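Structure assessment
Now for the letters of each chain:
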Amino acid sequence: MKVFKNYIIWLFFITLWAGCASKSPNIKSPLTITSPSNNIKIGFNLKPDGTPVYWVNHKGKAVIDTSVLGFELKDQKALQNGFKILGKDTTRFSETWKMPWGEQAKVLNSYRQLVVKLEEKEAPKRRLNIYFRAYDDGIGFRYEFLASNKESNKSENQQVIITEENTQFKLTADHTCWWIPGDWDSYEHLYNTTKFSEIDAISKRKSAGLMQTTIMTNAVNTPVKMRTAEGLHLSFHEANLTDYAGMTLKVDPKNLSMKSALVSSKRTGYAVKRTLPFKTPWRTIQISEKAGDLIASKLILNLNEPNKLGDVKWFKPKKYVGIWWEMHLGKSSWDKKSGKHGATTKNAKAFIDFAAKNNITGLLVEGWNTGWEDWLGKEREGVFDFVTPYPDYDLKEVVRYAKEKGVEVIMHHETSAAPRTYEKQLDSAYTLMNNLGIKSVKTGYVGMILPKGEYHHGQWMVNHYRKVLTTAAKYNIAINAHEPIKATGIRRTYPNAIAREGVRGQEFNAWASDGGNKPDHTTIVPFTRGLAGPIDFTPGVFNIKLEPYKDKNQINTTLAKQLALYVVIYSPIQMACDLIEHYGDHPALQFIRDVGVDWEQSKVLDAAIGDYITVVRQQKGTDKWFLGSVTDENARDLKASLAFLKEGTQYVATVYKDGKEAHWDKNPTDYAIEKFIVNNKTTIDLKLAAGGGTAISFIPATQQDIKDIKPYSGK
């Protein structure tokens, strides 16, 4: 009888083990860590052959099934299996830190951490630590390569060359995905909306950009956004990308799995070369039950180191205008040889006058410096001079005039993807800026990278972008990078990293042969590229049909939606990008004059990715709020509760909305402006036209306002 009982007990545990095998591998005692709320749980273990694996649960349900971890190395055995666990460390951490500028004033950083210490069982007994952090809004993990224990290898110059990183993300179902191709040079693609299993069929789709790019077959760039059938939202990305190659994700549609695919150098034949010891970037998964909560997540920022620059009050968030859009329209040109040079002293002063009149404090001037005649030639090394203006552009006079008017000139440095030329001139270029009191620069990297064989998103260029950022910091200069490496939260550590392009922005509408950015584009971007960091999207076009310059192109939004984008798409620098003659004294210009650029807090009131999004933000240091709501190609009736407003305070709500006949294509400039008195008990109806939007400013009312303006009635 006793033998029979032992057999039953043994059979019970075998059955229990078999039922858990999909979540926990074929071994004993998995290591786990949970988030502060215990909603998210990370598990870790070793397979019988010593391969590290992890998995992730949300509220007891698998989000990431058992997934392997490891590396392939040059001239060494793969760092993949044969490990044993030496030990573990678990810690808790919680702090609230202040953002010098941003979507909100304060950020909670609270997590639980598990560090797993691994060593190979056999010689050479290499060691690897894996850090797991569980937050309430997702998870992050990274690797730490340690120096060898062998006496003969104690040199400080031990190096490892990584040819591939085998970090796996095994999904639990065929989720709906929003993604762009795994392009090694550009993130400027329209987002695709497909099932995960369908990515394989169309991942080669290319953008209509200015430059030839290198797209990896069956791979996606991050952030890649997913939604489960149950409505759980996931975003896969990376944080603190430092001295390492950017990560794309190779898709295995049949097995519902993704694997890290590092951007490799064709020139060197590898992806990453580092001296031991070092830590990799964090691999991140943001997890939320609501789409809007992904935007509120600060996980990417929290996985970066604290501010290393200290006080950066020398940079002030701002709105700006620029000699830029006219080049995209063909009204003028970057080079002087064409005979229609845009960057002239006279033109700059006209923009300065407009900016000063309209509460806009920045002026960007492109095409000011010599070299634009040959900037897209085959040999681009040494083309640009970053200190010498064209003869018709008096740089010192423009700066003097701008200061007199309370406007700051924003410098422009297009490198034509020749970073070595730029690096040679960094100090001289930034010294010039410093002497003139110019505090920010827009950089550009159009073209295939020189030296040949390097890519925009490889380790070599990651290090270049960082060198530019740290050098600029020494001169109190902020960087707005175009054709950049992806944003991975570095702005926390170096808050002079103010914005990036890295998206199909407004400029595509001027010359793209594919019809430009579709009406749903800006309902997807906040949940994809926007999760990585601030976007220099350049909204604000009032001349929607681009007349008389581009008869085959247009902006695929209504005018009201252009206003709403100032709130929906976050950046501490926001451009009023249209030609100043298209603004004139247009009544809708008042919203651009009023809207903030630095925020006390931000909230997503309602959202469905790819369909619509409504965002509100409180201007820092004030009780002013601004709302932006945009839709895709479908007209929508939405509601916005104003419960976020201060209790007991009456506000003037100035509503900039689509007109009754508005339509993104048929009648994009039909708009209306209304004013109402509202409070935090009010719910406003938002009627969005096809491809349209609504922008609202909420400004505390005076007693006279309350007498003169009627309360909102909903009619």
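Check the entry above for the structure.
Just so it is clear, the structure is predicted and the values come from calculations on it, not from any experiment.

Calculation rules
Residues numbered from 1 in each chain as written. Predicted model: local features only at pLDDT ≥ 70, side-chain atom pairs only at ≥ 80, totals over all residues. Heavy atoms only, no water. Helix = DSSP H or I, 4+ residues; strand = E, 2+ residues; numbered from the N terminus. Rg over C-alpha atoms; globule rule 2.2 N^0.38 Å. Buried < 20%, exposed > 50% of the residue type's maximum accessible area, 1.4 Å probe, protein only. Pairing = 2+ DSSP bridges. Axes fitted to C-alpha atoms, helices over the stretch in contact; angles between N-to-C directions. Contact = heavy atoms within 4.5 Å. Phe/Tyr/Trp six-rings, centres within 6.5 Å; stacked < 30°, edge-to-face > 60°. Lys NZ or Arg CZ within 6 Å of the ring centre and 35° of its normal. Polar contact = N/O pair within 3.5 Å; in protein donor to acceptor, adjacent residues only side chain to side chain. Salt bridge = Lys/Arg side-chain N within 4 Å of Asp/Glu carboxyl O. Expected span 1.5 Å × (residues − 1). Bend = angle between axes of the 7 residues up to and from the residue.

For the rest of this paragraph, the subject is the overall build of the protein chain. The secondary structure content of the protein chain amounts to 16 helices and 37 strands. In terms of overall dimensions, the protein chain is globule-like: its C-alpha atoms have a radius of gyration of 27 Å, near the 27 Å expected for 715 residues. Each of the three principal axes of the protein chain carries a C-alpha extent, and together these read 95 × 65 × 45 Å. The 715 residues of the protein chain split such that 61% are buried.

For a regular strand, side chains alternate in direction, first toward one face of the sheet and then toward the other. Strand 7 (residues 106–120) sits mainly inside the fold: eleven of its 15 residues count as buried. In this sheet, strand 7 lies alongside strand 6 (residues 83–98) in antiparallel orientation, the contact comprising 15 bridges. In the strand pairing of strand 7, Arg92 is matched with Arg112. Of the pairings in the sheet, the one linking strand 7 to strand 8 (residues 127–135) comprises eight bridges and is antiparallel in character. Counterpart to Gln113 in the pairing with strand 8 is Arg133. The turn joining strand 7 and strand 8, which pair antiparallel and follow one another in sequence, is formed by six residues; a positive phi near 55° is taken by Lys125.

Reading across the sheet, the six strands line up as 30-31-32-37-34-35 and stay open at both edges, with antiparallel pairing between neighbours. Pairing within the sheet leaves two strands with one partner each, and these edge strands are strand 30 (599–608) and strand 35 (671–678). Averaged over all pairs of adjacent strands, the angle between strand axes in this sheet comes to 15°, irrespective of strand direction. When strand 30 meets strand 31 (residues 612–619), the two strands line up antiparallel, connected through eight bridges. Considered in strand 31, the bridge of Ala607 is made with Ile613. Contacting strand 31, strand 32 (625–631), strand 34 (651–658) and strand 37 (693–700), helix 13 (residues 559–568) crosses the sheet at an angle of about 120° to strand 32.

The next thing to look at is the packing of aromatic side chains. One pass over the full model with this rule turns up 31 aromatic pairs. Aromatic pair Phe71 and Tyr143: ring centres 4.5 Å apart, planes at 75°, arrangement edge-to-face. Here Tyr143 lies in strand 9 (residues 138–145) and Phe71 lies in strand 5 (residues 71–73), a separation of 72 residues in the sequence. Summarising the burial analysis for this pair, Phe71 and Tyr143 share the class buried. By the ring-pair criterion, three or more aromatic residues cluster together here, those being Phe44, Tyr54, Phe132, Phe141, Phe169 and Phe236. Positioned over the ring face of Trp460 is Arg267, at 5.6 Å from the centre of the ring. Here the basic side chain of Arg492 rests over the ring of Trp97, its NZ or CZ set 4.2 Å away from the ring centre.

So, on to the side chain of Ser333. Here Ser333 lies in the loop between helix 5 (325–329) and helix 6 (345–357). Owing to a relative accessible area of 9%, Ser333 belongs among the buried residues under this scheme. Side chain to side chain, Ser333 and Ser338 meet in a polar contact 2.3 Å long. Setting aside anything within four residues of it in sequence, one finds Ser333 in contact with Met327, Ser338, Lys340, His341 and Gly342.

Turning next to the sheet that holds strand 27 (residues 478–481). The seven strands are arranged 28-27-26-25-24-23-29 in an open sheet whose pairing can be described as parallel. Both edges of this open sheet fall to strand 28 (497–500) and strand 29 (573–575), since each of them pairs with a single strand only. The mean inter-strand angle of the sheet, taken between neighbouring strand axes irrespective of direction, is 30°. Pairing between strand 23 (residues 318–323) and strand 29: three bridges, direction parallel.

Before going further, it helps to spend a moment on the pattern of salt bridges. Applying the stated criterion across every chain, the model contains 31 salt bridges. Lys442 serves as the salt-bridge partner of Glu366, at 2.6 Å between the closest nitrogen and oxygen. Of the two residues, Glu366 sits in the loop between strand 24 (362–365) and helix 7 (395–404) while Lys442 sits in strand 26 (residues 440–444), which places them 76 residues apart along the sequence. Assigned by exposure class, Glu366 and Lys442 land together as buried. Across the pair Glu423 and Lys467 runs a salt bridge whose closest N-O atoms are separated by 3.3 Å. A residue pair is termed long-range when its members are at least 10 positions apart, and Glu423 in helix 8 (residues 419–436) and Lys467 in helix 9 (residues 459–474) qualify at 44 residues.

For the rest of this paragraph, the subject is helix 8. Its 18 residues place the ends of helix 8 24 Å apart at the C-alpha level, agreeing with the 26 Å of an ideal helix rising 1.5 Å per residue. Maximal helix bending in helix 8 amounts to about 55°, located at Gln425. Its buried side turned inward, helix 8 meets helix 7, strand 25 (408–414), strand 26, helix 9 and strand 27. The first or second residue beyond helix 8 is Gly437, which carries a positive phi of 80°.

One can find Tyr445 in the loop between strand 26 and helix 9. A relative accessible area of 0% places Tyr445 in the buried class. The spacing of Tyr445 and Glu483 is 38 residues in sequence and 5.3 Å in space, taken between C-alpha atoms.

So yeah, pure geometry; function would need other evidence.
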